[in-house]
Amino acid sequence: MIELDAIGKRFGTVDAVKSVSLTVGEGEFVSLLGPSGCGKTTTLRIIAGFESPTSGRLRIGGREMNDVPVERRGLSMVFQNYALFPHLSVFENVAFGLRLKRVAKPEIEERVRKALDQVGLAGLGERSPRQLSGGQQQRVSLARGLVVNPAVLLMDEPLSNLDLKLREQLRDEIRTLQRSLGMTAVYVTHDQGEAMAMSDRIAVMHGGGIEQVGTPRDIYERPSTTFVASFIGHCNLLPGTLDASGRLFRTPNGVHLRVASGLPPSSERGEIRLAIRPETVRFLADGYERAPGDDNLISGRVRDIVYLGDVAQVSVVIMTEGGRVAETLNAAWRIVRGEATPTPGDVVRLSVATADCIPVFDRGA
Amino acid sequence: MSGGTGNRRSPAWIGLSVLTGLVFAFLLAPIAVVLIEAFNDSELMNFPPQGLSLRWFQAFFANAEFMSSLWLSLKLGLIAAAISTALGAMAGLALARSGSSSASLQTLLLAPLYVPRVLVGLALLLAFAWLNVSGSLLGMILGHVLITMPYATRTVVVGMRAVEPSVEEAARMLGATRWQTFRLVTVPIIRGALMSGFIFALIISFSDIYLALFISGPQSITLPLRLFTFMEWDQSPLVAAASAVQIVLILSVILVAGRLFGLSSPGSVE
C-alpha cells in the first residue's frame, strides 16, 4: 500500500530522515516508534505530503506520490492536538471532507451519522468541539478522518494529550475500528507500550533512520541493535566481543557466554553488546552445579533487590570461574506469595538459554 | 469573589476605584465636552452651553462642502481599511507561518508607525508630485493604506497566533486546496481579528489630518481637513456638531461589527 524507498529529508545541514525504506501492506497497522527527534514525525509528514523528501521515492497504492499535493493524496490524519475546526460544529467537522468532495446532502447526513456512531459520539453532532472533552475531541477527529474512506489513516501521537486510563481505552478502540474497517494505518508514537499493543509491525527509529522493523514480538524478543534492545523494555547490555565463530561472547572481565547465532563477527559491525532480558534469566535451585541443557550457567552475588509487585528486580554481580568479580546482570525474580526472595549478599546460580543471549550492535550513524 | 479580591470596603479598594474612575473620566471627558458642545445654541463655542439646539447639526448637514468631505472621508476610510486588512491578512499569514525571519519582517511592516505622520505626509507629497497622482483619490487611498496597514497587520498577526497550523493541515488532508483552506478555515477562525483590524484602519484613516494637509487636492478635502481649515475662520459650535457626527458614526460601526463578528476574540463564534 505504502512504499518508502530510501526516503531522505535534509533541513539545512541536518538529516532529519536518512534513507528510510519501509513497506506497509494493505490493511496493515504499522507504528513508527522512537524518541523525540528520531525522524518519525518527519517521515509521517512526508507520507502525508507536508514535507517533500530530498531524496528517495514514495509510492502509495502503486502511485508515485513525490509530486502529488497533500489534498490529492486521499489520506487522512489524526493529530496530537485534535486539530478540530473551532468554528464548526461536530457534525460539520466530520462533514468537511465530504462537502469538499461535493457528496450529495442526504449521503453526507448518512455517512456523518454513521461515522459519529462508530466512534461512540452518536447524538453529539450539534455540539461545538469546545464543549467536548479531550477524548471526545479526538474521537471527532478520528470520525472526520475515517468518513472520507482514506487510502491510509495517518496518526501522529493521537493519544499523547490524554490521561492514562482514556489512552488505553481509546488505543483499543482505534485498533478494533482499524481492523474491522481493514484500514491501512501508520501510527507515530514515542510510547513503546502503545506501539506494542496496537501494531502489526513496528519500525523503531533512531537518529533519522530505521533501526529495526518487525512484529512487536520480533522487536522485543529479537532486537537487532543496542538501541532497540534498550529502548523497548528493560534489557541488560553487556560489553564485550564475539569470537571468530560468532557463537561465543567474552566480556572484558572474563565472563564467557554462548550466544544465539545470526550476527557476523564483530569486526564487520559497530560496537557489539550482548542483550539479555531480565525475565529470561532463571534462578537455579540450590544444588544445581550445571545449567540444564545447553544453557549458560552464571554464578554471582546479589547486590541489590527492588520489589516491583509481580517480580523483583535482582541485581547480581557475576563472578567468573576464577572467583573474580565481573559485570552486573539484572534478573527478574518471579514473586510467589509466601516465598522468600533472595537478599543482598546471597550467592545465586543463574541460567540463560543460548537463544536468549542476543548479540546486538550499534548502528553507526 | 470575596476571598480573592480582598475587602471591598478597604481603603485600598476604595482608592483603586476612585483612581479607575478618574482615568475613565480623563479618557472620556473630551468626548463628552464635544458631544455637549454640539448642542450649544450660541454663535460661539463656550462651555458650558447657555442654551440647547440642533441648529449646528442642521448647518452641518446643509453644508454641501462638509457633506462632500464626509462622503469622501467615508469612502476613503472604507476602501483604505479594506485594502489594508486584505494586505494585513496576507502579511499576517506569512508572518505567522514563517519562522526565523518573521521578527525583522514584522518590524519592517510596522515601519510606517515609527515615522512621524507629518514626515510621511511630506514624503508622499514629494513622491506623488513626481508620480503625478497629487490630489487624486488614488493618491489619497495609497497614502491611507500606508498609514493604516500597520494597525491592520498587527491585529491580524495577533489573531493568526490563535490558528493552530495543524488545523489548517487537517483541512488540507481532507482535500482542501491552500485557497480553500484559507477561505473555509483560516478566515472564519480569525474573522474577529480581521474585523478589529478593519475598524482600527477605518478609524485611523477617518481621523487623519497630517496626510490630508499634504496630499489633499481641491477636489479631495477630507472631513478632518475641512474642519481644521474651517476652525481657522469660524469659532461656531458647528465643528463640535461635525465631531459628534463622526463619533456616532465610528461608535455605530464598532457596535454593529462587534455584534456581527465578535471583535478581537479570534476563533469565537456565536
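Within an unreviewed UniProt entry, the label attached to chain B reads ABC transporter permease, and the organism entered is Bosea caraganae. As stated in UniProt under Sequence similarities (unreviewed entry), the record for chain B gives "Belongs to the binding-protein-dependent transport system permease family."

An unreviewed UniProt entry annotates chain A as ABC transporter ATP-binding protein of Bosea caraganae. You can read under Subcellular location (unreviewed entry) in the UniProt record for chain A the words "Cell inner membrane". Its UniProt record, at the heading Sequence similarities (unreviewed entry), says of chain A: "Belongs to the ABC transporter superfamily."

A.B. asks: Any chance you could break down the domain arrangement of chain A for me, citing the residues and the numbers?
C.D. replies: Often the size quoted for an interface is simply the accessible area lost on bringing the parts together. Residue and element names in this part refer to chain A. We note that the domain assignment places domain 1 (2-226) and domain 2 (234-360) within chain A. Once you take the C-alpha centre of each, domain 1 and domain 2 turn out to be 40 Å apart. At the junction of the two partners, domain 1 supplies eight residues and domain 2 supplies seven residues. Approximately 670 Å² of surface area, both sides summed, lies buried where domain 1 meets domain 2, with 51% of it carried by carbon and sulfur atoms.

A.B. asks: Any details on the environment of Met65(A)? Residues and values, ideally.
C.D. replies: Residue and element names in this part refer to chain A. Counting through the fold element by element, Met 65 comes out in the loop between β5 (63-64) and β6 (76-78). For Met 65, a relative accessible area of 2% translates into the label buried. Each C-alpha atom of the pair Met 65 and Arg 258 lies 48 Å from the other, and the pair is 193 residues apart in sequence. Apart from residues lying up to four places away in sequence, Met 65 is in contact with Leu 58, Arg 59, Ile 60 and Arg 73.

A.B. asks: Please provide a residue-by-residue account of the packing of aromatic side chains, values included.
C.D. replies: Applying the stated criterion to the full structure yields ten aromatic pairs over all chains. Here the aromatic rings of Phe227(A) and Phe231(A) are separated by 5.3 Å at their centres, their planes lie at 15°, and the arrangement is stacked. Of this pair, Phe227(A) and Phe231(A) both sit in helix α8 (residues 226-231), separated by four residues, roughly a single helical turn. In textbook terms, an aromatic cluster arises when at least three aromatic residues are bridged by ring pairs, as seen for Phe60(B), Phe61(B), Phe66(B) and Phe230(B). Lying over the aromatic face of Phe85(A), Arg144(A) brings its terminal NZ or CZ to 4.7 Å of the ring centre.

A.B. asks: So what's going on with the sheet that holds strand β2 (residues 14-24) of chain A? Which residues, and what values?
C.D. replies: All names here are of chain A. Strands sit in the order β2-β1-β4-β5 across an open sheet of four strands; the sheet is antiparallel. Sheet topology places β2 and β5 at the edges, where each strand pairs with a single neighbour. As paired elements, strand β1 (residues 2-11) and strand β4 (residues 55-60) share five bridges and run antiparallel to each other. In the strand pairing of β4, Leu 4 is matched with Leu 58. Its contacts with the sheet place helix α1 (residues 40-48) against β1, β2 and β4, and it is angled at close to 115° to β1.

A.B. asks: I'd like to hear about the UniProt feature "domain: ABC transporter" (unreviewed entry) in chain A, residue by residue, with values.
C.D. replies: Within this numbering scheme, the UniProt entry marks residues 2-232 of chain A as carrying the feature "domain: ABC transporter" (unreviewed entry). For the annotated span residues 2-232 of chain A, helix accounts for 36% and strand for 26% of the residues, and the straight-line distance between the end C-alpha atoms is 25 Å.

A.B. asks: Describe the pairing of β4(A), naming the residues involved and giving the relevant values.
C.D. replies: Here is the key point about a regular strand: its side chains alternate between the two faces of the sheet. All names here are of chain A. Two elements, β4 and β5, share two bridges in a ladder whose sense is antiparallel. Opposite Ile 60, over in β5, you have Arg 63 as the bridge partner. Here β4 folds back onto β5 in antiparallel fashion, the turn holding two residues, of which Gly 61 has a positive phi close to 60°.

A.B. asks: Can you break down the UniProt feature "transmembrane region" (unreviewed entry) in chain B residue by residue, with the values?
C.D. replies: Residues and elements named next belong to chain B. The feature "transmembrane region" (unreviewed entry), as given by UniProt, occupies residues 12-36, 76-96, 108-131 and 240-261 in the numbering adopted here. Between the first and last C-alpha atoms of residues 12-36 the distance is 34 Å; the span itself is 100% helix and 0% strand. A distance of 29 Å separates the end C-alpha atoms of residues 76-96, which is 100% helix and 0% strand.

A.B. asks: Tell me about the interface of chain A and chain B, and please be specific about residues and values.
C.D. replies: Tallying the contact residues gives 23 residues for chain A and 20 residues for chain B. With both chains or domains summed, chain A and chain B bury close to 1,900 Å², and 67% of this area falls on carbon and sulfur atoms. Counting the surface chain A buries against chain B, the share from its top three residues, Glu71(A), His87(A) and Leu100(A), is 33%. If you look at where chain A meets chain B, you find two salt bridges.

Reading guide: rules and limits
Residues numbered from 1 in each chain as written. Chains lettered and ligands numbered in written order. Predicted model: local features only at pLDDT ≥ 70, side-chain atom pairs only at ≥ 80, totals over all residues. Heavy atoms only, no water. UniProt positions renumbered as here; feature names shortened; annotations may be inferred. Domains from an automatic or database assignment. Contact = heavy atoms within 4.5 Å. Buried area = accessible area lost by both parts, 1.4 Å probe. Helix = DSSP H or I, 4+ residues; strand = E, 2+ residues; numbered from the N terminus. Buried < 20%, exposed > 50% of the residue type's maximum accessible area, 1.4 Å probe, protein only. Phe/Tyr/Trp six-rings, centres within 6.5 Å; stacked < 30°, edge-to-face > 60°. Lys NZ or Arg CZ within 6 Å of the ring centre and 35° of its normal. Pairing = 2+ DSSP bridges. Axes fitted to C-alpha atoms, helices over the stretch in contact; angles between N-to-C directions. Salt bridge = Lys/Arg side-chain N within 4 Å of Asp/Glu carboxyl O.

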